[in-house]
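Descriptive analysis of the structure
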Amino acid sequence: ITSSAGDGGSISPSGNVSVNHGSNQSFTITPTTGYSISDVKVDNVSQGAISTYTFTNVTAPHTISATFTLNSYTISTSSSPSEGGTTSGGGTYNHGASVSLVAIASTGYTFVNWTENGTQVSTNSTYTFTANNSRTLVANFLLNELTVTPTKRDVTYKTGSTTFSVTSNTSWNVSESENWITSLSPMSGTNDDTITVNYNENTGASREGMVTVSGGGITRIVKVTQAANPPFLVISQGEINHNFGSFEHGSNPDSNNFSFEISNSGGGTLEGNIEITGNWLKLDHNEFNLNHNQTKIIQITADLTNLGIGSYSDSIKISSNGGNKNGEISCNLITGIEDLSNLDGIPKNYFLENNYPNPFNPSTIIRFGLPTPSTVSLIVYDIAGNEVEKFLNNERLPAGTYQYSFDTKKLASGIYFYRILTDKFMQTKKMIFLK
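Residues numbered from 1 in each chain as written. Predicted model: local features only at pLDDT ≥ 70, side-chain atom pairs only at ≥ 80, totals over all residues. Heavy atoms only, no water.

A word on the overall build of the protein
The helix and strand tally for the protein stands at 1 helix and 42 strands. What you see for the protein is a C-alpha radius of gyration of 55 Å, clearly larger than the 22 Å of a compact globule of 435 residues, by over 25%. Principal axes of the C-alpha set define a box for the protein whose edges measure 185 × 45 × 30 Å. Buried positions account for 37% of the 435 residues belonging to the protein. Across the protein, contacts joining residues at least 24 apart in sequence account for 61% of those joining residues at least 6 apart. When the accessible surface of the protein is summed, it comes to about 22,500 Å², and 45% of that surface belongs to carbon and sulfur atoms. Each charge class in the protein can be summarised by its mean position, and for the 23 positive and 34 negative side chains these summaries are 11 Å apart. (Helix = DSSP H or I, 4+ residues; strand = E, 2+ residues; numbered from the N terminus. Rg over C-alpha atoms; globule rule 2.2 N^0.38 Å. Buried < 20%, exposed > 50% of the residue type's maximum accessible area, 1.4 Å probe, protein only. Contact = heavy atoms within 4.5 Å. Areas by Shrake-Rupley, 256 points an atom, 1.4 Å probe, with all protein chains shown as cover. Lys, Arg positive; Asp, Glu negative; His and termini not counted. Charge placed at Lys NZ, Arg CZ, Asp CG, Glu CD.)

Some details on the sheet that holds strand β3 (residues 15-16)
Judged by pairing direction, the sheet is mixed, and its 5 strands sit side by side in the order β3-β1-β8-β5-β6 without closing on themselves. Lying at the two open borders of the sheet, with one neighbouring strand each, are β3 and β6 (45-46). Direction of pairing for strand β1 (residues 2-5) relative to β3: antiparallel, over a ladder of 2 bridges. By the bridge assignment, T2 is partnered in β3 with N16. (Pairing = 2+ DSSP bridges.)

Re the nonpolar core
Within the largest apolar cluster, 22 residues are counted, with the highest numbers of intra-cluster contacts made by F368, L378 and F406. For this core, the secondary structure elements donating two or more residues are β37 (363-370), β38 (374-382), β39 (387-397), β40 (400-407), β41 (414-421) and β42 (426-433). Residues contacting F368, with those up to four places away along its chain left out, are F351, L352, V376, L378, L392, L397, G400, T401, Y402, Y404 and I420. By size, the runner-up hydrophobic cluster in this structure holds 21 residues, among which are F244, I316, I329 and C331. (Core = buried A, V, L, I, M, F, W, Y, C linked by side-chain atoms within 4.5 Å.)

A closer look at the sheet that holds strand β7 (residues 52-55)
Across the sheet, which stays open at both edges, the 3 strands sit in the order β2-β4-β7 with antiparallel pairing between neighbours. With partners counted over all chains shown, the strands left at the sheet margins are β2 (9-12) and β7, one partner each. Going across the sheet, the axis of each strand differs from the next one's by a mean of 15°, ignoring polarity. When strand β4 (residues 25-31) meets β7, the two strands line up antiparallel, connected through 4 bridges. The residue of β7 that forms the bridge with T28 is T52. (Axes fitted to C-alpha atoms, helices over the stretch in contact; angles between N-to-C directions.)

Quick word on the packing of aromatic side chains
Applying the stated criterion to the full structure yields 13 aromatic pairs. Centre to centre, the rings of F27 and F55 are 5.8 Å apart; their planes meet at 85°, and the pair counts as edge-to-face. One end of the pair, F27, is in strand β4; the other, F55, is in strand β7, with 28 residues separating them in the sequence. Assessed through its relative accessible area of 1%, F27 is described here as buried. Exposure remark for F55: the relative accessible area of 4% places this residue in the buried category. (Phe/Tyr/Trp six-rings, centres within 6.5 Å; stacked < 30°, edge-to-face > 60°.)

Considering the pattern of salt bridges
Summed over all chains, the structure comprises 4 salt bridges. Put simply, R396 and D423 hold a salt bridge, and the shortest N to O gap is 3.9 Å. On the criterion of sequence distance, the pair formed by R396 in strand β39 and D423 in the loop between β41 and β42 is long-range, its members being 27 residues apart. (Salt bridge = Lys/Arg side-chain N within 4 Å of Asp/Glu carboxyl O.)

Section: unusual backbone geometry
For the bond running from S12 to P13, omega is -5°, close enough to zero to count as cis. Examined against the element boundaries, P13 turns out to sit in the loop between β2 and β3. Put simply, N358 and P359 share a cis peptide bond, and its omega is 0°. Mapping P359 onto the fold places it in the loop between β36 (351-352) and β37. One non-glycine residue, D43, lies in positive phi territory at about 50°.

The structure is reproduced here in structure tokens:
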């Protein structure tokens, strides 16, 4: 009996097999892995896809041959739920072929895994394997969930932070819309978490920023509303306190005015007014109404024509809904001062000379010297110690020799004392006024 097998399997025994007359002989047909028996022919007559055949009562030669076929498999895929996504790669594959299945989630869904008969076989959306049998595979998808609470936060104008809670079963990222929101933490996540929002101080009007949380095809927007900075009064240029210095009595010089600038460094509207106590001071504006970062120049003019010799000091008050400011405005009206330094030079020591003439009527000269720059007061007192004239009141003078002409038209005859006081020197002298 001659036995043979084609590619993809074997027959046993094979080749030329000797059989005694009247005996039986069995043959076994075995396919190689991945193949199936296609047909078995005995004496060229098909016996079908059988795995064994027995010759009985052999009385003549015979032939037996086996043929084989490479197996092919059906790979079936589906989505669960059906609207959760799509699959590709299914079909018919020969044994040993590489199969690559791809699952793509629909918007709002996330791929979870591949399962076969309810058992997970892969968590990768692309599942690759070698075909060795027919398979039915399911791509499973999960409806994404992404919520952020609360949807709005109201915060104060000061620097600070606030938080939002994220509930999610998908990956997400965070972004912000305004640069005054300085940082977000964390910037991304995969599950439930808390987002911390840090923000700068608001120096102006109320403002609104948006924080966007996106993931799994879902976008959530939450708002951060920061309150306006309240109005705040600022002296933005110049000084509210001002000393005009010393002027010659009876003059009204060009330097009899000064100005300063007020502004609203806060938010909202700054409203207020300005008051001064001295009737020798004149305001160009006594009310103001300023929005954020607006400014206003306030000018004050001193009318010295109706003032007598002496020192004058009056208050200024700025009142507003963004704070108050108080200051002092002063000046000193004196008789003529004459700087003799060009003639007499700088003295080596402080001195106060006797007035000349003495006794006098109606005026006399008072001379003094300063070896260094000094803050000087020069005051006249009557015999009872009452102050009658103040020529200098803490005035800053450079080093030099000075003289004053003291006119006594308004004083009664009598004995008077004049005193010089500096930060390093004090002296008092007597003079007599005779009408």
